[in-house]
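A closer look at the structure
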Amino acid sequence: MAPMTEPAAGRRPLLNRRLASFGTTIFAEMSALAARTGSINLGQGFPDTDGPAQIAEAASRAVLTGLGNQYPPGPGVPELRAAVARHQERFYGLSWDPDAEVLVTAGATEAIAASLLALLEPGDEVVALEPYYDSYAACIAMAGATRVPVTLRPHGGAFALDPDELRAAVTPRTRLLLLNSPHNPTGTVLGPAEIAAIAELAVERDLLVVTDEVYEHLVFEGVHTPLASLPGMRDRTVTISSAGKTFSFTGWKVGWVTAAPELVAAVRSAKQFLTFVSSGPFQYAIAEALDLPDSYYADFRADLAAKRDLLAGGLAAAGFEVFRPQGTYFITTDITPLGEKDGLAFCRSLPERCGVVAIPNQVFYDDRTAGAAHVRWAFCKRTAVLQEAVERLGRLAS
């Protein structure tokens, strides 16, 4: 009997209707395009070199000595939870109980999914900054909630949040604010005034906040301020981060949540039925990584800042309008000066034109027209790769 690939006449579609609008991610499409054409992949945000050798050796040591090879504890291994708590105290002065206020997850993606599935019910509204990472929309949909976008708009060479627009988006049905700073894909780092306005609104309207801070150590201008550190926010904020972006081991999928005990308990209730546990030996290695000296974090940031400047200069020379990122390892450009207006069509044709792959920002918007002419480039690559990409992109200017 042939496998059933399409629903029979009159039968409802196989895919849950909440996910019907979510097909293959743009990252999979563009990475496949890069592989097929032999292009330089500046689309998907993963480094092309591994992180510190001593941390890789720590993972190897854990495997070989039997640490984490069987199911680790559901909340995460104690060593990692303690290291996360030390990290938050060291960098932000935030004190978290590693036993009750820290939860280890399968990367930040699971942390986001578990948080939204735990905290939302059908009919709730979620206000999210647009453009947003594609998993946000999917997780909100899976929870049966409704996303309400607030758009970051170009202003003064960067992207900015309008606090009045954020306030206007909140209704009696709003349950939660979903934030991301440093922000992917725009590179915006929310400043003190914006963070204060968000906190004031959350307290005033008694809102929960889920904040994705995976790029916390990639801030080139300004300072990263965790929302949980502001008055009134500790007991209403779920803070998410991960090891992948900071230590360049994206395949290990080690993330974490810090929050008040009641919030951690809620997120854990959902998380235990997703992966249950994951990344056992890698958890021990990341516990060591979080205790690396300040020089590691400074050198990592300086290296990425130099790569940002290299790619930004090449993109400007090729004719793009460049929005210089304050953080993350992505640059957003406007393709309008090149006589283009459709970012998706531009990105699909770019490999044939000059052998480079990028990501069209419009897929991160509910209002596709708002980001139609914007394209995202990743600069977390070796310097020689970026130099070659800049040379290839120069063909667009000729």
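Keep in mind it's a predicted model, so treat the numbers as computed, not measured.

About the thresholds
- Residues numbered from 1 in each chain as written.
- Predicted model: local features only at pLDDT ≥ 70, side-chain atom pairs only at ≥ 80, totals over all residues.
- Heavy atoms only, no water.
- UniProt positions renumbered as here; feature names shortened; annotations may be inferred.
- Helix = DSSP H or I, 4+ residues; strand = E, 2+ residues; numbered from the N terminus.
- Phe/Tyr/Trp six-rings, centres within 6.5 Å; stacked < 30°, edge-to-face > 60°.
- Buried < 20%, exposed > 50% of the residue type's maximum accessible area, 1.4 Å probe, protein only.
- Core = buried A, V, L, I, M, F, W, Y, C linked by side-chain atoms within 4.5 Å.
- Pairing = 2+ DSSP bridges.
- Salt bridge = Lys/Arg side-chain N within 4 Å of Asp/Glu carboxyl O.
- Contact = heavy atoms within 4.5 Å.
- Axes fitted to C-alpha atoms, helices over the stretch in contact; angles between N-to-C directions.
- Arc of directions from axis to C-beta.
- Parallel < 35°, antiparallel > 145°, perpendicular 65-115°, else oblique.
- Nonpolar A, V, L, I, M, F, W, Y, C, P; charged D, E, K, R; others polar.
- Left-handed = near helix turned anticlockwise from the far one by under 90°.

Another aspect to go through is the UniProt feature "domain: Aminotransferase class I/classII large" (unreviewed entry) in the chain. UniProt's feature table lists "domain: Aminotransferase class I/classII large" (unreviewed entry) at residues 40-393, given in the numbering used throughout. Helix makes up 40% of residues 40-393 and strand 18%, with an end-to-end C-alpha separation of 11 Å.

What follows is about the packing of aromatic side chains. With the rule as written, the count across this model stands at 19 aromatic pairs. Each ring, one from Tyr71 and one from Phe276, has its centre 5.7 Å from the other, and the planes form 75 degrees; the classification is edge-to-face. With Tyr71 in the loop between helix H2 (53-64) and helix H3 (78-92) and Phe276 in the loop between helix H9 (261-271) and helix H10 (280-289), this pair connects stretches of sequence that are 205 residues apart. With a relative accessible area of 39%, Phe276 lands in the partly exposed category. Plain terms: the ring middles of Tyr133 and Tyr136 are 6.2 Å apart, the flat faces sit at 75 degrees to each other, and that makes the pair edge-to-face.

In this section: the nonpolar core. Phe247, Ile286 and Trp377 are the most contacted members of the largest nonpolar core, which has 103 residues in total. No other element matches helix H11 (residues 294-318), which puts nine residues into this core. Formed by 25 residues, the second largest nonpolar core is a distinct cluster that contains Leu161, Leu177, Ile195 and Val209.

Here we take up the pairing of strand E2 (residues 102-105). The two faces of E2 match: Val102 and Val104 on one face and Leu103 and Thr105 on the other face are all buried. Both E2 and strand E10 (residues 255-258) contribute to a ladder of four bridges, which runs antiparallel. Note that in E10 the partner of Val104 across the bridge is Trp256.

Take the sheet that holds strand E15 (residues 374-378) next. One open sheet holds the four strands; their spatial order is E11-E12-E15-E14, and the pairing between them is antiparallel. Because the sheet does not close on itself, it has two edges, and the strands there are strand E11 (321-323) and strand E14 (359-360). Here E11 runs beside strand E12 (residues 330-334); their pairing, made up of three bridges, is antiparallel. If you follow Val322 over to E12, its bridge partner there is Thr333.

This next bit is on the pattern of salt bridges. Side-chain pairs of opposite charge can arise where the charged atoms are in close proximity. The tally for this structure, following the rule as stated, stands at 19 salt bridges. We note a salt bridge from Arg153 to Glu165, for which the minimum N-O separation is 3.1 Å. Linking Arg153 in strand E5 (residues 153-155) with Glu165 in helix H6 (residues 163-169), this pair joins segments that are twelve residues apart in sequence. Owing to a relative accessible area of 23%, Glu165 belongs among the partly exposed residues under this scheme. A salt bridge links Asp309 to Arg308; its shortest N-O distance comes to 3.1 Å. Classification of Asp309 by relative accessible area gives partly exposed; the value is 35%.

Right, let's talk about the environment of Val214 for a bit. Its place among the elements puts Val214 in the loop between strand E8 (208-212) and strand E9 (237-242). Residue class for Val214 comes out buried when judged on its relative accessible area of 7%. Sequence separation between Val214 and Arg81 is 133 residues; the distance between their C-alpha atoms is 16 Å. Leave out the neighbours within four places in its chain, and Val214 touches Ala108, Ile240, Ser241, Ser242, Lys245 and Thr246.

For the rest of this paragraph, the subject is the sheet that holds strand E7 (residues 174-180). Pairing is mixed across the open sheet formed by seven strands, whose spatial order is E2-E10-E9-E8-E7-E3-E4. Of all the strands in the sheet, just E2 and strand E4 (146-151) have a single pairing partner and so form its edges. Each neighbouring strand pair of the sheet contributes to a mean axis angle of 20 degrees, computed without reference to strand direction. Taken together, the six bridges between strand E3 (residues 125-130) and E4 define a ladder with parallel strand orientation. Paired with Val127 across the two strands is Val148, which belongs to E4. Where helix H5 (residues 134-142) meets the sheet, its contacts fall on E3, E4, E7 and E8, and the angle it forms with E7 comes to roughly 160 degrees.

Regarding H9, the residues found buried are Leu263, Val264, Val267, Ala270 and Lys271. What you see down the axis of H9 is that its buried residues fit within an arc of 125 degrees, all on one side.

It is worth spelling out the packing of H11 against helix H13 (residues 383-393) at this point. Packing of H11 against H13 leaves a shortest axis separation of 9 Å and a crossing angle of 5 degrees. Of the possible angle classes, the one that applies to H11 and H13 is roughly parallel. Contact residues: Lys307, Leu310, Leu311, Gly314, Leu315 and Ala318 in H11; Thr383, Leu386, Gln387, Val390 and Leu393 in H13. Residue classes in the contact of H11 with H13 are distributed as seven nonpolar, three polar and one charged.

What follows deals with the side chain of Thr239. With respect to the helices and strands, the residue Thr239 is situated in strand E9. Residue classification places Thr239 among the buried residues on the basis of a relative accessible area of 5%. Every residue in contact with Thr239, bar those within four places of it in the chain, is listed here: Thr211, Glu213, Ala228, Trp256, Val257 and Thr258.

Packing of helix H1 (residues 26-37) against helix H12 (residues 343-354) brings their axes to within 9 Å, and their N-to-C directions diverge by 20 degrees. With respect to each other, H1 and H12 are oriented roughly parallel. Classified by chirality, the crossing of H12 by H1 is right-handed. Within the contact between the two elements, H1 uses Ile26, Glu29, Met30, Leu33 and Thr37 and H12 uses Leu344, Cys347, Arg348, Pro351 and Glu352. For the contact of H1 with H12, the residue count by class is six nonpolar, one polar and three charged.

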